[in-house]
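Coordinate inspection notes
The chain contents come next:
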Amino acid sequence: MNEDSDVGGARAIDDGSTKIYEAIFREMQDAVFLIDVEQTDDDYRFTFQRNNASHRQRTGLSEDELRGQTPRDLLGDEQGAAVATNYRRCVEQRDTIEYEETLTLPGGTSHWQTKLTPITDDGTVTRIVGVARDITGRKEHERKLEHIHSQFETVLQTMSAAVFLKDTDGQYLMMNQACRELFNVDDRDIVGLTDDDLVPPEVAEQARADDRRVIETGEVLEIEETVPTVSGNTVRLTRKSPVYEDGEITGLCGVSTDITEQKQRERELQRLKERLELATEGANLGIWDWDLTTDEVEFNEQWARMLGYSPDEIDPHVEAWERRVHPDDLDRVEDALNDHLLGDTGLYDTEHRMRTADGSWKWIRDIGRIVSRDADGEPVRAVGIHLDIDERKEYERTLERQRDNLEVLNQVVRHDVRNALQLVLAYAGMLEEYAEDDGEAYLRQILEAGREAVDITRTAGDVTKVLLRSEADRIPVTVRPVLEEQIDDVRTSHERAIVTVEGEIPDTEVLADDMLGSVFRNVLTNAIVHNDKQLPEVSVSAVADDEAVRIRVADNGPGIPDDQKEQIFEEGEKSFDSEGTGLGLYLVRTLVNRYGGTVWVEDNDPDGSVFVVELPPTSGEFSIDD
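The rules behind each value
Residues numbered from 1 in each chain as written. Predicted model: local features only at pLDDT ≥ 70, side-chain atom pairs only at ≥ 80, totals over all residues. Heavy atoms only, no water. Pairing = 2+ DSSP bridges. Helix = DSSP H or I, 4+ residues; strand = E, 2+ residues; numbered from the N terminus. Axes fitted to C-alpha atoms, helices over the stretch in contact; angles between N-to-C directions. Contact = heavy atoms within 4.5 Å. Patch = residues over 30% accessible without salt bridge, like charges linked within 9 Å, V, L, I, M, F, W, Y side chains within 5 Å. Areas by Shrake-Rupley, 256 points an atom, 1.4 Å probe, with all protein chains shown as cover. Salt bridge = Lys/Arg side-chain N within 4 Å of Asp/Glu carboxyl O. Lys, Arg positive; Asp, Glu negative; His and termini not counted. Charge placed at Lys NZ, Arg CZ, Asp CG, Glu CD. Buried < 20%, exposed > 50% of the residue type's maximum accessible area, 1.4 Å probe, protein only. Left-handed = near helix turned anticlockwise from the far one by under 90°. Nonpolar A, V, L, I, M, F, W, Y, C, P; charged D, E, K, R; others polar. pLDDT = per-residue confidence, 0-100. Expected span 1.5 Å × (residues − 1). Phe/Tyr/Trp six-rings, centres within 6.5 Å; stacked < 30°, edge-to-face > 60°.

1. Structural notes on the sheet that holds strand β1 (residues 31-39)
Reading across from one edge, β2-β1-β5-β4-β3 is the order of the 5 strands in this open sheet, with antiparallel pairing throughout. This sheet does not close on itself; its edge strands, each paired only once, are β2 (44-51) and β3 (97-105). Direction aside, the axes of adjacent strands within the sheet are offset by 35° on average. Bridge count between β3 and strand β4 (residues 108-121): 9 bridges; the pairing is antiparallel. Across the sheet, T104 pairs through a bridge with T109, a residue of β4. Against the sheet, helix α4 (residues 71-93) contacts β1, β2, β3, β4 and β5 (124-134), and its axis sits at roughly 175° relative to β3.

2. Structural notes on a negative patch on the surface
A cluster of acidic residues, D331, D335, D339 and D344, forms a negative patch at the surface. On the secondary structure map, D331 appears in helix α11 (residues 327-341). Classification of D331 as exposed rests on a relative accessible area of 55%.

3. Remarks on the packing of helix α14 (residues 479-493) against helix α15 (residues 516-529)
Taken N-terminus to C-terminus, the directions of α14 and α15 make an angle of 40°; their axes are 9 Å apart at the nearest point. Here α14 runs over α15; the crossing is right-handed. Of α15, the residues touching α14 (which contributes V479, V482, L483, Q486, I487, D489 and V490) are L516, G517, F520, R521, L524, T525 and I528. In the contact of α14 with α15, the residues fall into 9 nonpolar, 3 polar and 2 charged.

4. Some remarks on the confidence of the model for the chain
With 78% of its residues at a pLDDT of 70 or more, the chain shows a mean pLDDT of 82. Of the regions scoring below 50 in pLDDT, residues 620-626 engages in 14 contacts with residues more than four places distant in sequence or in other chains.

5. Re the sheet that holds strand β21 (residues 598-603)
Pairing within the open sheet is mixed, and its 5 strands lie in the order β17-β19-β20-β22-β21. Both edges of this open sheet fall to β17 (498-502) and β21, since each of them pairs with a single strand only. The sheet shows a mean angle of 20° between the axes of neighbouring strands, taken without regard to direction. This element, α14, spans β17, β19 (537-544) and β20 (549-555) of the sheet and lies at about 160° to β17. Sheet strands touched by helix α16 (residues 584-594): β21 and β22 (609-615). Its angle to β21, the strand with the most contacts, is close to 130°.

6. What about α15?
Taking 1.5 Å per residue, 14 residues should reach 20 Å; α15 reaches 20 Å between its end C-alpha atoms and fits that length. Among the 14 residues that make up α15, 13 are buried, leaving the element largely enclosed by the rest of the structure.

7. Considering the pattern of salt bridges
Between side chains of opposite charge, a pair can form as their charged atoms come close. Overall, the coordinates contain 37 salt bridges when judged by the stated rule. Two residues, R127 and D36, come together in a salt bridge whose shortest N-O distance is 3.4 Å. Taken together, the residues R127 in strand β5 and D36 in strand β1 connect sequence positions 91 residues apart. Assessed through its relative accessible area of 39%, R127 is described here as partly exposed. Relative accessible area serves as the criterion here: at 24%, D36 is assigned to the partly exposed category. Between E100 and K139 there is a salt bridge; the shortest N-O distance is 3.1 Å. Of this pair, E100 sits in strand β3 while K139 sits in helix α5 (residues 136-158), and the two are 39 residues apart along the sequence. A relative accessible area of 42% places E100 in the partly exposed class. Overlapping salt bridges, with partners in common, bring together R50, E63, D64 and R67 in one network.

8. Let's talk about the packing of α15 against α16
Running from N to C, α15 and α16 cross one another at 145°; their axes reach a closest spacing of 9 Å. In the crossing of α15 with α16, the sense of the turn from one axis to the other is left-handed. Residue-level contacts link S518, V519, N522, V523 and N526 of α15 to G584, L585, L587, V588, L591 and V592 of α16. In terms of residue class, the contact of α15 with α16 is built from 7 nonpolar, 4 polar and no charged.

9. Observations concerning unusual backbone geometry
A negative phi holds for most residues other than glycine; trans holds for most peptide bonds. Of the consecutive residues D605 and P606, the connecting peptide bond is found in the cis state with omega at 10°. Structurally, P606 can be placed in the loop between β21 and β22. Even without glycine at this site, R94 takes up a positive phi of about 55°. Its location among the elements puts R94 in the loop between α4 and β3. For R94, a relative accessible area of 44% corresponds to the partly exposed category. At D246, a position not held by glycine, the phi torsion is positive, near 55°. Checked against the element boundaries, D246 lands in the loop between β9 (232-245) and β10 (248-258). For D246, a relative accessible area of 78% translates into the label exposed.

10. Points about the packing of aromatic side chains
Working definition: an aromatic ring pair is given by the centre-to-centre distance plus the angle between the planes. Counted according to the given criterion, the structure contains 8 aromatic pairs. Here the aromatic rings of F46 and Y87 are separated by 5.6 Å at their centres, their planes lie at 75°, and the arrangement is edge-to-face. Separated by 41 residues along the polypeptide, F46 in strand β2 and Y87 in helix α4 bring together distant segments of the chain. Put simply, the rings of F33, Y44, F46, F48 and Y87 pair up and form one aromatic cluster.

Here is the structure:
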């Protein structure tokens, strides 16, 4: 082969390689650019020569805009200097280098992963081939992940629940702040610590057993445990879950919540429930719970026993009640029930007869209330009580035949005692519904209503004594011990009230009898029972001179209108805005008049009333104001 043939063949090969390289350069998906390198006296001059289609598309730079530009010409002083530094490093290392950079180009700001490869000619780097991959999307994704991770870390550290991570050997790898505070390890490096380092041996042993169960079975374990802390034991609800990596369990994660207060509330609720059950059983109080959407009714054991049945003999349906109501009472009872269901009355409250297991009839006091309505206002649930009033009904019939001097007592027993006792039982019946939030408040009302019932019965007895006793039975009685005894008694029976004594109570004697205490008791009780404040306050003071001893009982209640101040002392007149008997203050005036004194009511400052009882001393004279 001649020389021309050899040269021609080499040229053909070079031309073929060039075409191949050109095709690769042109079609590569990565951005490719070519830089000429010219060595100066003490530095290098870098000049852009070419870029492929991908580079042009991503940067917004055409080949003509790129060609002949230096990094400073193209990118400005700051970016250009940073780019030139990387080009210089490639030339000096005479090897391929890789790095990430952020460039602002006509096409926008982008993040690049750049690889520079030097091309040498006779041992001198004359060109650099740059291959850049646009990683803007990846960097944005990384930033989002980093932001999410930062948010997660913030949430984790601010959680009230204690969160921890352990390896399969039980060594702690991570704790959030709440967990560090739980174990009192705020400033310690917790990595490598075990439960043996943090809790007593018996607690640590149980924790290890729970950890092994999670790791060996892969199940999620939820446990209640007591964890000792520097401030005392805390009850925790801890959820332990396996942590997987490549399908294998490599540790466990725990989330522990403090449920100490919840457990305390549960214990308190249980105690309230037990007390309610004891009260309902002791009072033989029947309770019913009616689902108005299905007419199913849940009756308690006392409800069934009241009629002579066992609970399993009562069908849990409203018909079980309806078919036992006396036919003569049914229409009246259903009318009262419908009035309440329609919202015309605040309570369903009736007395009717019901057939017992032996076929006889028993009088029942039936009280109930709607406790739940749907979105349209239709009633969906009602709760109520049954009270056996058969003996009371028989007693009423007896009293009706003895309406002479005992008529007042008859009125009290037949109406007021009944109402007070029913109020006690009504609140007790509703306590179960509200025990979680308001149970204690209802219980206090039960106790207060019970005490009111006791006061009413005592008043009834006092009225009977007044009616049957002669006015000639008076003897000298010292005021102070009688008044102090009644103050102490009221403080005991009405714990929610604050009763204070201002100054010294004089040792003055008055002509009275053993009913003097009833005067003071009724005035004190009236000031508390008919007080609309959450915390009734009663102040007692007494002064004496040669003409009289004056006992003042001041309260912070609603006060009494002027046109009511005389009427409240009349027989059967109730205190203003009161559901009382109307006999307590009548009894007070009756006794005070009998002792030769007088009683009246004034306005208190800034609000409330002041009852004044004025009695003549045994040595003085006093004109009676009738």
